[in-house]
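For reference, the chains in residue letters:
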Amino acid sequence: QVQLVESGGGLVQAGGSLRLSCAASGRTFSRYVMGWFRQAPGKEREFVAVSSLSGVSTVYADSVKGRFTISRDNAKKMVYLQMNSLKPEDTAVYYCAATAKVLTVKGPDYEYWGQGTQVTVSS
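Below is a short write-up of the structure. Bear in mind the structure is a predicted one, so any value in this text is a computation, not a measurement.

Quick notes on the rules
- The residue numbers shown here count from 1 along each chain, following its written sequence.
- Since the coordinates come from a predicted model, pLDDT governs what is reported: local features require at least 70, and pairs of side-chain atoms require 80 or more to be given and counted, while whole-chain, interface and lining totals use all residues.
- Values reported for side chains reflect all heavy atoms of the structure, with hydrogen atoms and water molecules removed beforehand.
- Going along the chain from the N terminus, every DSSP run of H or I of four or more residues is numbered as a helix, and every run of E of two or more is numbered as a strand.
- Partly exposed describes any residue whose relative accessible area lies between the buried limit of under 20% and the exposed limit of over 50%, with all areas from a 1.4 Å probe on protein chains only and scaled to the type maximum.
- Identification of polar contacts relies on pairs of N or O atoms within 3.5 Å, with a donor-acceptor requirement for protein atoms, meaning one able to donate a hydrogen and the other able to accept it, and with residues adjacent in sequence counted only if both atoms are side-chain atoms.
- The contact criterion used is simple: two residues touch if any of their non-hydrogen atoms lie within 4.5 Å.
- For the purposes of this section, nonpolar cores are sets of buried Ala, Val, Leu, Ile, Met, Phe, Trp, Tyr and Cys residues that join through side-chain atoms within 4.5 Å.
- For two strands to be treated as a pair, DSSP must find no fewer than two bridges joining them.
- Between the N-to-C directions of two axes lies an angle of 0 to 180 degrees, each axis being a line fitted to C-alpha atoms and, for a helix, fitted only over the stretch in contact.
- Each pair of aromatic rings taken from Phe, Tyr and Trp, with Trp reduced to its six-membered ring, is defined by centres within 6.5 Å and is described as stacked if the planes are under 30 degrees apart, edge-to-face if over 60, and tilted in the remaining cases.
- Both a distance and an angle decide whether a charge sits over a ring: NZ of Lys or CZ of Arg must be within 6 Å of the ring centre and within 35 degrees of the ring normal.

### Things to note about the side chain of Asp90
- Checked against the element boundaries, Asp90 lands in the loop between β8 (78-83) and β9 (92-99).
- With relative accessibility at 0%, the residue Asp90 sits in the buried group.
- Within the structure, Asp90 has its side chain in polar contact with the backbone nitrogen of Lys87 (distance 2.8 Å).
- Excluding anything up to four places from it in sequence, Asp90 contacts Arg38, Arg67, Phe68, Ser85, Val119 and Val121.

### Focus: the nonpolar core
- The biggest cluster of nonpolar side chains holds 35 residues, and the ones touching the most others in it are Leu4, Met34, Trp36, Leu81, Met83 and Tyr94.
- The set of elements that each furnish at least two residues to this core consists of β3 (18-24), β4 (33-39), β5 (46-51), β7 (68-73), β8, β9 and β11 (117-122).
- Broken down by element, this core gets its largest block of residues, five residues, from β9.

### Side note on the sheet that holds β7
- Pairing is antiparallel in the open sheet, where four strands are placed in the order β1-β3-β8-β7. Sheet topology places β1 (4-7) and β7 at the edges, where each strand pairs with a single neighbour. For this sheet, the mean angle separating the axes of adjacent strands, direction not counted, is 15°.
- For β7 and β8, the ladder comprises six bridges, and the chain directions are antiparallel. Along β8, the bridge assignment pairs Ile70 with Leu81.

### Points about the packing of aromatic side chains
- Under the definition given, this model contains six aromatic pairs.
- When the ring of Phe37 is compared with that of Phe47, the centres are 5.8 Å apart and the planes differ by 75°; the resulting orientation is edge-to-face. Of this pair, Phe37 sits in strand β4 while Phe47 sits in strand β5, and the two are 10 residues apart along the sequence. You'll find Phe37 and Phe47 in the same group, each marked buried.
- Taken together, the aromatic side chains of Phe37, Phe47, Tyr95, Tyr110 and Trp113 make up a single cluster linked through ring pairs.
- Arg19 extends its terminal NZ or CZ atom over the ring of Tyr80, reaching a point 4.0 Å from the ring centre.
- Taking the ring centre of Phe37 as reference, the NZ or CZ of Arg45 above it sits at 6.0 Å.

Structure representation (structure tokens):
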């Protein structure tokens, strides 16, 4: 199965930037749609961004559109989430996820998940 490991989380002040990375195992990375989700304390997991197999097509949650950018490097088996203009409401554990299904924003459609990385945005 595919194994995913996130990194790059940390503490940043409002208005700052942070780049999350997700390293994937296996030799079929390019066959998976890759997404980012997040879960804030006491809240349900929510969709953040998703990238198609090639990275050409992307979809973002309205709450992060214009501020976050998802990208992938299939040769390196990596997916990234560049986060700019961070707000305190962005504070959450961020998860990298993979699915062999079509591009989707639904969490249950994703078969593989990383352990998450904490992002904390201070005011």
